[in-house]
Amino acid sequence: MKADGRRTVVIVGILSLIAAFLISLFIGNGTVGTGDLLQVLFGSSYSKSAYIILTRIRIPRTLAALLCGAALSSSGLVLQTVLDNPLASPGIIGINSGAGLFVLIAGIIFPFSAAARQLFSFAGAVVAVASVYLICKIAGFSKMTLVLTGVAISSLFTAGTNTITTFYPNAITDKAAFNLGGLSSVSLQGVLTALPCIVICLVIIFAKQGQIELLLLGDETASGLGVNPEHTRKVSLLISALLAGSAVSLCGLLGFVGLIVPNVIRRIRCEGLLYRLILCVIYGSLFLIICDVLSRLIFYPYEIPVGLILSALGAPFFIWILISRRKAVR
Amino acid sequence: MITVDNLKVSYEDKNVLELGSFTFPEGKITGVIGRNGSGKSTFLKAIAGVLPYKGSLKVGKDEITSVPSELRARRISYLPQRVVSADMTVKMLVRHGRYPWKSFPRRLNSDDKRIVDDAIARVGINGLSSKNLKSISGGELKLSYLAMILAQQTDIILLDEPEAHLDTEHRQLLYNTLSSLRDEGKTVVFTSHNLTESMPVFDKVLILDRGKDVFFGDPEEAKTKL
C-alpha cells in the first residue's frame with residue numbers, strides 16, 4: 001500500500017472513531033433523551049439525571065470500549081507476530097481466562113478494590129502466558145501445539161472460574177456480563193485504574209516494535225541484526241499479557257477482539273509492524289465501540305453483553321482463518 | 001580480522017567444535033569447508049554471536065562476546081543456512097538490514113534508502129522488491145537475505161551456504177558480488193559444498209572434520225588435502 005493510501009486508512013479510522021465515540025455517548029436505554037445529554041455537554045443548564053447518565057455510565061463505558069479495543073487488538077497483533085501464528089490471541093491462548101480467574105479471586109478477597117482486580121488480573125494473565133510458553137517450550141513449539149496448549153490452559157482456568165462462581169456467586173457483580181464480556185457495569189474508577197497500565201504497555205510495545213518485527217525473520221537472523229530473540233519474546237509476551245489483563249479487569253472475558261482486528265489488518269496489505277500497531281489501536285477501539293453500540297441497539301430497549309456479539313462474529317471468523325490458511329498451504 | 005584461539009563450542013555438555021589457533025585475514029575471502037556435521041555452521045554461529053563458546057574469538061582486538069549485540073551487528077553480518085519466508089515484501093526485508101544503525105524511532109533517512117536500493121540492485125533482484133517473501137522461490141529468498149546483509153554494511157560478512165537453492169547464473173552473480181566486497185576491503189567468511197565453483201573465489205580455506213580444524217591455508221594446498 002502506498003504512502004497516500006496508508007495515510008487515508010489512518011485518517012478514515014480516526015474520523016470514524018470520533019464519530020463512533022460520540023454516537024456511543026448518546027445511545028442506550030434510559031429515560032434521558034439525546035437533547036438532554038447534549039445540554040450536559042454544550043448547554044448551561046441540564047438535568048441531574050442526564051449528567052449522571054453521561055458521566056457515570058456512558059463516558060466510562062465508551063472510554064472502556066476504546067481502551068479495551070486498543071489493548072486487546074495490540075495484544076493480539078504482538079502475540080501473532082512473536083509466536084508467528086495468526087491464530088494466537090489473548091482469548092485463544094488462555095490469557096483472558098487466566099486473568100478472569102484471578103479477577104474472581106480478587107472479588108472474594110478484596111470485593112471493593114478496583115486496584116486489586118487490576119493487580120490480580122495482571123497476575124492471572126502472566127501465569128497463563130507463562131504456562132503456555134513453558135509447556136510449548138517443553139513440548140516443542142508449533143502452531144498447533146500453541147493453540148492446543150492454549151485450549152487446555154483455558155479450560156483449566158475456566159473450570160476454576162466456574163468453581164468459584166458456584167461457591168461464591170457474589171464474587172462478581174454481573175456474572176453473565178463478566179463471563180461473556182460486557183461494558184454495562186464499568187465504572188470511571190475502573191477506567192482510571194486501567195488507563196495508566198494500558199498506555200504504558202502500548203508505549204513499550206511501540207518502542208520495541210522494531211525488535212519484535214525482526215523475530216519474524218527467525219531467531220538466528222534476528223540475533224545477527226543485534227536483537228536478543230529470547231529476551232524480546234519474553235518481554236513481548238509479558239506486555240501482551242498485561243494489556244489483555246487490564247482489559248479483563250475492566251470488561252470481563254471479551255473474546256475474539258484480539259483475533260479479528262489484527263487478522264483483518266494483516267489482510268489489507270499494509271506492511272510494517274509499526275503501521276499495523278497504529279491501525280490496531282485505532283480500529284480495535286472503533287470495532288469494540290461499534291459492537292458495544294450494537295449490543296445496546298439490537299434488542300432495544302434491552303441490552304445484551306457485547307461479548308455475545310463478539311462471539312457471534314469471532315467464531316465464524318476463526319473458522320474462516322483456518323480454512324483460508326489451509327487453502328494458502330495448498 | 002578474526003582471530004581464533006582454542007575455541008570450543010558445546011551442546012548438552014558435549015564438545016561439538018574444538019579449534020586450534022588461526023587468523024582470518026582482513027579484506028579476504030575465507031572458505032570454510034567440510035562434510036555435513038563437521039561444524040561449519042556451528043563455527044559461523046559462534047562468530048556471529050548466536051552461540052556461546054569457550055576459548056577466544058576476537059574481531060579486531062575485541063572478544064566477540066564482550067561487544068554489545070547491537071554494536072556487534074554493525075561490525076558483523078550473518079546469513080544463516082535456513083532463512084525464513086516471513087510475511088513481508090523483499091524491500092521491507094532489505095530495509096531491516098539498516099536496523100542496527102538506527103535508534104528509536106528507527107526511521108530510514110535518504111541515505112539509508114539509497115543503501116537499501118543499492119543492495120537490492122547489487123544482487124539483481126530489483127524486479128522482486130514489491131513481492132512478498134512467501135511468494136518467491138528459495139533462490140530468490142536467499143538473494144533477498146543477501147541483499148539485507150549487504151544493506152547492513154558491516155566489515156565482516158558471514159554466509160552459511162549462500163549458494164544453496166541458487167542456479168548457475170545466480171551462483172556466478174554471488175561469487176562476483178563477494179569478490180567485489182573483498183575489493184572494497186570487506187572480510188568474507190562463507191561455508192560451501194560447491195567446491196568446484198567456489199574454490200577460485202577463496203583467498204584462504206579452513207577445512208573442518210568432525211568438529212576439528214584439519215587445515216588452514218591457501219586454496220591450492222587445500223585441494224591436496226581433500
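Residues numbered from 1 in each chain as written. Chains lettered and ligands numbered in written order. Predicted model: local features only at pLDDT ≥ 70, side-chain atom pairs only at ≥ 80, totals over all residues. Heavy atoms only, no water.

**Observations concerning the side chain of S236 of chain A**
All names here are of chain A.
Then, in step 1: Its place among the elements puts S236 in helix 10 (residues 229-251).
Then, in step 2: A relative accessible area of 2% places S236 in the buried class.
Then, in step 3: A polar side-chain atom of S236 sits 2.6 Å from the main-chain carbonyl oxygen of T232.
Then, in step 4: Filtering out sequence-adjacent residues up to four positions away, S236 remains in contact with V78, V82 and I212. (Helix = DSSP H or I, 4+ residues; strand = E, 2+ residues; numbered from the N terminus. Buried < 20%, exposed > 50% of the residue type's maximum accessible area, 1.4 Å probe, protein only. Polar contact = N/O pair within 3.5 Å; in protein donor to acceptor, adjacent residues only side chain to side chain. Contact = heavy atoms within 4.5 Å.)

**Focus on the pattern of salt bridges**
Residues and elements named next belong to chain B.
Then, in step 1: As enumerated under the stated definition, the model contains 20 salt bridges over all chains in all.
Then, in step 2: Linking E18 and K212 is a salt bridge whose minimum nitrogen-to-oxygen distance equals 3.4 Å. Here the residue E18 occupies a position in strand 2 (residues 14-18), and K212 occupies one in strand 11 (residues 212-217), the gap between them amounting to 194 residues.
Then, in step 3: Using a relative accessible area of 29% as the deciding quantity, one classes E18 as partly exposed.
Then, in step 4: The exposure class assigned to K212 is partly exposed, which follows from its relative accessible area of 41%.
Then, in step 5: Between K223 and E220 there is a salt bridge, with its nearest N and O atoms 3.3 Å apart. (Salt bridge = Lys/Arg side-chain N within 4 Å of Asp/Glu carboxyl O.)

**Re a nonpolar patch on the surface**
All names here are of chain A.
Then, in step 1: Residues I11, I14, L15, I18 and L22 make up a contiguous nonpolar surface patch of roughly 450 Å² in combined accessible area.
Then, in step 2: For L15, the location among the structural elements is in helix 1 (residues 3-26).
Then, in step 3: Of the residues examined, L15 reaches a relative accessible area of 54% and is grouped as exposed. (Patch = residues over 30% accessible without salt bridge, like charges linked within 9 Å, V, L, I, M, F, W, Y side chains within 5 Å. Areas by Shrake-Rupley, 256 points an atom, 1.4 Å probe, with all protein chains shown as cover.)

**Quick word on the packing of helix 3 (residues 48-82) of chain A against helix 12 (residues 273-297) of chain A**
All names here are of chain A.
Then, in step 1: Where helix 3 contacts helix 12, the axes come no closer than 7 Å and their chain directions differ by 140 degrees. Regarding the angle of helix 3 to helix 12, the classification is oblique. In terms of crossing hand, the pair formed by helix 3 and helix 12 is right-handed.
Then, in step 2: Partitioning the contact of helix 3 with helix 12 into residue classes produces 12 nonpolar, eight polar and five charged. (Axes fitted to C-alpha atoms, helices over the stretch in contact; angles between N-to-C directions. Parallel < 35°, antiparallel > 145°, perpendicular 65-115°, else oblique. Left-handed = near helix turned anticlockwise from the far one by under 90°. Nonpolar A, V, L, I, M, F, W, Y, C, P; charged D, E, K, R; others polar.)

**Observations regarding the interface of chain B and chain A**
Then, in step 1: Listed as interface residues are 24 residues of chain B and, on the opposing side, 19 residues of chain A.
Then, in step 2: Carbon and sulfur atoms make up 59% of the area that chain B and chain A hide from each other, which totals about 1,900 Å².
Then, in step 3: When the buried area of chain B at its contact with chain A is split by residue, D87, H96 and Y99 of chain B rank highest and sum to 25% of it.
Then, in step 4: In this structure, the salt-bridge partner of K45 of chain B is E220 of chain A, at a minimum N-O distance of 3.0 Å.
Then, in step 5: Here chain B and chain A share three residue pairs in polar contact (both at pLDDT 80 or more) between them.
Then, in step 6: Those elements that provide at least two residues to the side of chain B that touches chain A are helix 2 (69-75), strand 7 (76-79), helix 3 (90-95) and helix 5 (138-151) of chain B. (Buried area = accessible area lost by both parts, 1.4 Å probe.)

**What to know about the confidence of the model for chain B**
Then, in step 1: Here chain B averages 91 in pLDDT, and 100% of its residues register 70 or above.
Then, in step 2: Scoring the predicted complex yields pTM 0.88 and, for the interface, ipTM 0.92. (pLDDT = per-residue confidence, 0-100.)

**Quick notes on the packing of aromatic side chains**
Then, in step 1: Counting across every chain of the model gives eight aromatic pairs over all chains.
Then, in step 2: Look at F22 of chain B and F43 of chain B: their rings are 6.3 Å apart centre to centre, the planes differ by 75 degrees, and that puts the pair in the edge-to-face class. One end of the pair, F22 of chain B, is in strand 3 (residues 21-24); the other, F43 of chain B, is in helix 1 (residues 40-48), with 21 residues separating them in the sequence. This pair shows no difference in class: F22 of chain B is buried, exactly as F43 of chain B is.
Then, in step 3: Note that R6 of chain A overlies the ring of Y275 of chain A, its terminal NZ or CZ placed 4.1 Å from the centroid. (Phe/Tyr/Trp six-rings, centres within 6.5 Å; stacked < 30°, edge-to-face > 60°. Lys NZ or Arg CZ within 6 Å of the ring centre and 35° of its normal.)

**Side note on unusual backbone geometry**
Then, in step 1: Positive phi is not limited to glycine here, since D84 of chain A has a value of about 50 degrees.
Then, in step 2: The residue D84 of chain A is located in the loop between helix 3 and helix 4 (95-109) in this model.
Then, in step 3: Notably, H165 of chain B is not glycine yet its phi reads approximately 75 degrees, a positive angle.
Then, in step 4: Within the element layout of this structure, H165 of chain B appears in the loop between strand 8 (156-160) and helix 6 (168-183).
Then, in step 5: Since its relative accessible area comes to 64%, H165 of chain B is described here as exposed.

**What to know about the side chain of T81 of chain A**
Residues and elements named next belong to chain A.
Then, in step 1: If you trace the backbone, T81 turns up in helix 3.
Then, in step 2: Within the local environment of T81, its side chain forms a polar contact with the backbone oxygen of L77, the two atoms lying 2.7 Å apart.
Then, in step 3: Dropping the residues within four chain positions of it, T81 is found in contact with I212, E213, L216 and L273.

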